[in-house]
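Residues per chain are reported as follows:
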Amino acid sequence: MRTADLARFTLGTLVAERMRSALTMLAIAVGIASVVILTGLGAGLQRYLVNQFTQFGTHLIAVMPGKANTTGFSISVVDTRRPLTLRDAESLLNVPGVLAMTPAVSGNITAEHAGRARRTLVLGVGPDAPKVWTMALDRGQYLPRDDLIAPRPVVMLGHTLAQALFDHANPLGEKIRLGGMSFRVVGVLSAKGQLLGIDIDDAAYIPAALALQLFNRDGLMEIDLLHDPRERAETVIKRLSRRLTERHGSEDFTVQSQDQMLESLNNVLNILTFAVGALGGIALFTGGIGILTLMSIAVAERRAEIGLLTALGAPSGLVLRLFLGEAAILGALGGLLGVALGLAGLGALHLAIPALPFTLRLDYLAVAETLAILIGLIAGAWPAYKASKLDPIEALRAE
């Protein structure tokens, strides 16, 4: 039998049992749609988080208090025996391979000016914070290069906070109150966006020493460093660890590069994607069971047809190809329907939640369609084999 005749015969059989075929394809489609939606959201979330981190530069190293035995990127790590101090931060500037450094300490407090008040994020930083975090200046100047221990009470305002307190007026030179302290505005930063849901434009940036006083803390939450891209991050990390160990007497701190943080984050996302992908796998398994059931019923109902085909000289291989073709077509059509449903689902989610990140990956779509066809073939293999081995005389006699 020619390939065209084989395809025509197979499609005719599926059309004759259109309801059963449609239900089987729908079972496959639900599984494929689940896989498309989950992988699209997973890839989108991964890309979103990578973009969130890399907007602050791509050659960052973070030093955090406490020795962490697990991966992660928390600003504050427990079990600290000795806090990170401003002098510790200052000493790291002399480490070979370090281009810039900023201490970091943060908290929430009320900012006030001329009767206006706004609860905002306050970040205690150093004068090189804009260089380390690639922050642009809208107007004014950055924090002056004062002594880290005894700086002047000045503040840089994030774009959103400046508008909230001053509207369209020029805030430079004006004073605002943060907690019980007064700060003079020296600069306004350009809009930067959000980091993991935190609006860093709605923030005030003050010298780290004053932030320690403001929040009554005895140590920094983090020290961020920009390293020379010509140096390997691992090499610079070893130098930083050696310097801090000399100062502290033991390695009671954690040093991580940006790549290590992203790798830890990717590991968590991969586990999460695998877990939710298993749900799509269950739906695909259900679709495979549907094809297996359909093909088994078809073999039972079409014994006379099979017997007639073999009696007319059709070899067992042809019968096998007929039933495998039906299973493959069911899987392929179900896969295409699933891809369409998945894309429609992602589009609906984007319309409902515009901020929800997702990424369309053509390789994922191709894998999903291939998976649907494979499931059809695997599920139809046993019924097809049974059909090819039917004795034509017994099949016709049963009819």
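Residues numbered from 1 in each chain as written. Predicted model: local features only at pLDDT ≥ 70, side-chain atom pairs only at ≥ 80, totals over all residues. Heavy atoms only, no water.

1. Quick word on the overall build of the protein
Thought 1: Secondary structure assignment for the protein yields twelve helices and twelve strands.
Thought 2: The burial tally for the protein puts 44% of its 399 residues in the buried class.
Thought 3: For the protein, the proportion of contacts with a sequence separation of at least 24, taken over those separated by at least 6, is 79%.
Thought 4: Total accessible area on the protein stands at roughly 19,700 Å², and carbon and sulfur atoms take up 61% of it. (Helix = DSSP H or I, 4+ residues; strand = E, 2+ residues; numbered from the N terminus. Buried < 20%, exposed > 50% of the residue type's maximum accessible area, 1.4 Å probe, protein only. Contact = heavy atoms within 4.5 Å. Areas by Shrake-Rupley, 256 points an atom, 1.4 Å probe, with all protein chains shown as cover.)

2. Topic: a nonpolar patch on the surface
Thought 1: Residues M19, L23, L26, V30, L337 and L341 make up a contiguous nonpolar surface patch of roughly 550 Å² in combined accessible area.
Thought 2: Of all the secondary structure elements, the ones that give two or more residues to the nonpolar patch are helix 2 (18-54) and helix 10 (316-352).
Thought 3: No other element matches the four residues that helix 2 contributes to the nonpolar patch.
Thought 4: Among the residues examined, L23 registers a relative accessible area of 54% and is labelled exposed. (Patch = residues over 30% accessible without salt bridge, like charges linked within 9 Å, V, L, I, M, F, W, Y side chains within 5 Å. Salt bridge = Lys/Arg side-chain N within 4 Å of Asp/Glu carboxyl O.)

3. Regarding the pattern of salt bridges
Thought 1: For the coordinates displayed, the defined rule picks out ten salt bridges.
Thought 2: Here D202 makes a salt bridge to R118, at a shortest N to O gap of 3.0 Å. In this pair, D202 is assigned in the loop between strand 9 (198-199) and strand 10 (203-207) and R118 in strand 3 (residues 116-125), connecting sequence segments 84 residues apart.
Thought 3: In this structure, the salt-bridge partner of D128 is R145, at a minimum N-O distance of 2.4 Å. Of this pair, D128 sits in the loop between strand 3 and helix 4 (129-132) while R145 sits in the loop between strand 4 (137-140) and strand 5 (154-157), and the two are 17 residues apart along the sequence.
Thought 4: The exposure class of D128 is buried, given its relative accessible area of 11%.

4. Comments concerning unusual backbone geometry
Trans is the prevailing form of peptide bonds, just as negative phi is the prevailing case for residues other than glycine.
Thought 1: In this structure, T134 is a non-glycine residue whose phi angle is positive, near 50°.
Thought 2: With respect to the helices and strands, the residue T134 is situated in the loop between helix 4 and strand 4.
Thought 3: Phi is positive for D167, close to 55°, though the residue is something other than glycine.
Thought 4: Note on placement: D167 falls in the loop between helix 5 (159-166) and strand 6 (175-178).

5. What about the pairing of strand 11 (residues 222-227)?
Thought 1: Judged by how many residues are buried, strand 11 sits mostly within the fold: six of six residues are covered.
Thought 2: Burial along strand 11 is two-sided: the face carrying E222, D224 and L226 and the face carrying I223, L225 and H227 are both buried.
Thought 3: Bridge analysis of strand 2 (residues 98-113) against strand 11 gives six bridges, and the strand direction is antiparallel. Its bridge partner being in strand 11, A104 is matched across the sheet by E222. (Pairing = 2+ DSSP bridges.)

6. A word on the confidence of the model for the protein
Thought 1: Taken residue by residue, the protein gives an average pLDDT of 79. The fraction at 70 or more is 75%.
Thought 2: Averaged pLDDT values for the elements of the protein fall to 56 in helix 12 (residues 392-398) and rise to 96 in strand 5. (pLDDT = per-residue confidence, 0-100.)

7. Points about the pairing of strand 10
The side chains of a regular strand alternate, residue by residue, between the two faces of the sheet.
Thought 1: The buried fraction of strand 10 amounts to five of the five residues, a majority that puts the element mostly inside the structure.
Thought 2: Here strand 5 runs beside strand 10; their pairing, made up of two bridges, is antiparallel. By the bridge assignment for strand 10, L157 is matched with A204.

8. Some thoughts on the environment of S296
Thought 1: Relative to the elements of secondary structure, S296 occurs in helix 8 (residues 258-301).
Thought 2: We classify S296 as partly exposed; its relative accessible area is 31%.

9. Let's talk about helix 5
Thought 1: Burial in helix 5 covers these residues: L161, A162, L165 and F166. For helix 5, the buried positions fall inside an angular range of 100° around the axis, keeping them on one side.
Thought 2: Buried positions along helix 5 lie against strand 2, strand 3, strand 5, strand 6, strand 7 (181-189) and strand 10.
Thought 3: Two residues or fewer after helix 5 comes D167, characterised by a positive phi angle close to 55°. (Arc of directions from axis to C-beta.)

10. Notes on the environment of R361
Thought 1: Mapped onto the elements, R361 comes out in the loop between helix 10 and helix 11 (362-388).
Thought 2: R361 gets classed as partly exposed once you look at its relative accessible area, which sits at 33%.
Thought 3: C-alpha separation for the pair R361 and G40, spaced 321 residues apart in sequence, amounts to 7.1 Å.

11. A few points about the side chain of D228
Thought 1: If you trace the backbone, D228 turns up in the loop between strand 11 and helix 7 (233-248).
Thought 2: Judged by its relative accessible area of 12%, D228 falls in the buried class.
Thought 3: Apart from the residues lying within four places of it in its own chain, the contact partners of D228 are G97 and L99.

12. Concerning the nonpolar core
Most often, soluble globular proteins keep nonpolar side chains buried together rather than apart.
Thought 1: Counting 43 residues, the largest nonpolar core has L157, I176, L178, I206, I223, L225 and L240 as the members making the most contacts within it.
Thought 2: For this core, the element with the highest residue contribution is helix 6 (residues 208-214), accounting for six residues.
Thought 3: In terms of nonpolar packing, the next biggest core, distinct from the first, is built from 19 residues, L121, A129, L143 and A203 among them. (Core = buried A, V, L, I, M, F, W, Y, C linked by side-chain atoms within 4.5 Å.)

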